[in-house]
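Remarks on the overall topology
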Amino acid sequence: MATDLKTYLFDLRGYIQLEQALTSEEVADLNTRLDEIPKLEPGEWFGNVHAHNYGDGNSGLNLQQIYEGGEPFERLIDHPSWIEKIKFFVGGEGTFDYHHGPLFIDENFANFREPGEAIGLHSGGYPPNLRNQYRYHGGRFMCGQVNILLALTDIGPGDGGTMLIPGSHKSNFKHPHYDRHRMSKDATVEGTEGAVETQMKAGDALLFVDGISHGSAKRTNPGTRRIIVYRYGPSWGNFRHGYQPSQELLDRLTPERRRIVSPQQPLLKPPKDTD
Ligand SMILES: O=C(O)CCC(=O)C(=O)O
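One structure accompanies this document, and this report is about it.

Once that is clear, we can look at empty space enclosed by the protein. Any empty space left between the atoms is revealed when a probe the size of a water molecule rolls over them. Under the definition given, this model contains one cavity of 30 Å³ or more. What the largest cavity holds in volume is close to 40 Å³. Here the lining of the largest cavity gets three residues from one element, more than from any other, and that element is helix H2 (residues 24–36). Looking at the lining of the largest cavity residue by residue, the classes come out as three nonpolar, one polar and three charged.

Following this line, the structure appears as structure tokens:
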């Protein structure tokens, strides 16, 4: 569960950092699996994993549906380091929101960020957005989307660290530099009043409400930053990009994981009885 301090900080800032959420063995297993995937161009598939980018030309390659990439990625679906915290911040226990289960993952990917690449600041409390909103109401959290961002490499100065504007999930105003930074690959904390750049060790996780203003600084160091992002929301959500889990994945998942990946069972009219 989230401690009182983590709950306070999540409410105040919109994010918390979870140090060493993964063991070094887990990080090594994930990196080994990623090394086994051949270099893909956006649009290409490797098994049920799809290479993709956000179309901005500078935020790096994403391997979407990475939970299809093997057991080390399946384990992240309900990893004990964060799953109870995610359930708590998305909320809904004991209500209609839990009708099909506790959660749903609407996007999951690994991202490779090369020198010169970044992702501009996006989200923030204004303009408000239902899907990724921050909400605390009636004595409970009701956040539309809570993300886990995992570092698979150390991320220090110059490595393209995640930038966040603490408290911006509650902001009623657009950041005056928002338009300049939205698609910029030159975003720096110095040029973005109020932003912080996070430093992470491989295995650390950032847990943040997607409604916080966030992005990443430009990678200026040689080498590649590797992260994984899983986005969680209520069980009635839908896929961001329209991907669907493969039957092979559903067959091998534990019931708890299957419920998060595919909360709803299709309810179809039975085939016509021809007798
Ligand atoms: O790449 C990063 O550090 C930020 C990720 C991001 O922008 C997102 O999850 O929407």
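Here the largest pocket is characterised by a volume of approximately 530 Å³. Lining of the largest pocket is provided by 30 residues; of these, Tyr54, His122, His214, Arg231 and Arg240 occupy positions nearest its centre. Per-element tally for the lining of the largest pocket: the top contributor is strand E5 (residues 104–113), with five residues. Residue classes in the lining of the largest pocket are distributed as eight nonpolar, 12 polar and 10 charged. Looking at the second largest pocket, it is lined by 19 residues, and the ones nearest its centre are Leu130, Arg131, Gly144, Pro234 and Trp236. Class assignment for the residues of the lining of the second largest pocket results in seven nonpolar, eight polar and four charged.

Within this structure, the stated rule accounts for 12 salt bridges. Connected through salt bridges with shared partners, the residues Glu107, Asp210, Arg231 and Arg240 form a single ionic network.

The antiparallel open sheet is built from eight strands, whose spatial order is E1-E12-E9-E14-E5-E4-E3-E2. Where the open sheet ends on each side, the last strands, each with one partner, are strand E1 (15–18) and strand E2 (45–46). By the bridge criterion, four bridges tie strand E4 (residues 61–64) to E5 in an arrangement that is antiparallel. In the strand pairing of E5, asparagine 62 is matched with asparagine 111. Relative to the sheet, helix H1 (residues 4–13) contacts E1 and strand E12 (205–209), its axis offset from that of E1 by approximately 135 degrees.

Next up on the list: the site of the ligand. Surrounding the ligand, one finds Arg113, Ile119, His122, Leu149, Thr162, His214, Gly215, Ser216, Arg225, Ile227 and Arg231. Within the side chain of threonine 162, a nitrogen or oxygen atom sits 2.6 Å from an oxygen atom of the ligand. Note that an oxygen atom of the ligand is positioned 2.7 Å from one of the side-chain N or O atoms of arginine 225. Comparing atom positions with the cavity grids shows the ligand to sit within the largest pocket. In terms of residue class, the shell around the ligand is built from three nonpolar, five polar and three charged.

So, on to a nonpolar patch on the surface. A cluster of nonpolar side chains, namely Leu5, Tyr8 and Leu12, defines an oily patch on the protein surface of about 340 Å² accessible area. By the secondary structure assignment, leucine 12 is in helix H1. A residue is classified by how much of its surface remains accessible, and leucine 12, at 43% relative accessible area, is partly exposed.

This part takes up H1. Residues of H1 that are buried include every one of Thr7, Leu9 and Phe10, and no others. The arc that holds every buried residue of H1, seen down its axis, measures 165 degrees, which confines them to one face. Of the exposed residues in H1, the ones pointing more than 90 degrees away from its buried face are Asp4, Leu5 and Tyr8. Contacts made by the buried residues of H1 are with E1, helix H4 (83–90), strand E8 (140–141) and E12. Remark: glycine 14 follows H1 within two positions and exhibits a positive phi of approximately 95 degrees.

Of all the residues in H4, the buried ones are Ile83, Lys85, Ile86, Phe89 and Val90. Taken around the axis of H4, the buried residues stretch over an arc of 160 degrees, which confines them to a single face. Positive backbone phi, at 80 degrees, marks glycine 91, one or two positions downstream of H4.

Conventions and cut-offs
- Residues numbered from 1 in each chain as written.
- Predicted model: local features only at pLDDT ≥ 70, side-chain atom pairs only at ≥ 80, totals over all residues.
- Heavy atoms only, no water.
- 1 Å grid on protein atoms, 1.4 Å probe; cavity = no way out; pocket = protein on both sides within 12 Å on 5 of 7 lines; lining within 4 Å.
- Points joined across faces, edges and corners; volume = space filled by probe spheres on them.
- Helix = DSSP H or I, 4+ residues; strand = E, 2+ residues; numbered from the N terminus.
- Nonpolar A, V, L, I, M, F, W, Y, C, P; charged D, E, K, R; others polar.
- Salt bridge = Lys/Arg side-chain N within 4 Å of Asp/Glu carboxyl O.
- Pairing = 2+ DSSP bridges.
- Contact = heavy atoms within 4.5 Å.
- Axes fitted to C-alpha atoms, helices over the stretch in contact; angles between N-to-C directions.
- Near = heavy atom within 4 Å.
- Polar contact = N/O pair within 3.5 Å; in protein donor to acceptor, adjacent residues only side chain to side chain.
- Sits in = over half its atoms within 2 Å of the grid points.
- Patch = residues over 30% accessible without salt bridge, like charges linked within 9 Å, V, L, I, M, F, W, Y side chains within 5 Å.
- Areas by Shrake-Rupley, 256 points an atom, 1.4 Å probe, with all protein chains shown as cover.
- Buried < 20%, exposed > 50% of the residue type's maximum accessible area, 1.4 Å probe, protein only.
- Arc of directions from axis to C-beta.

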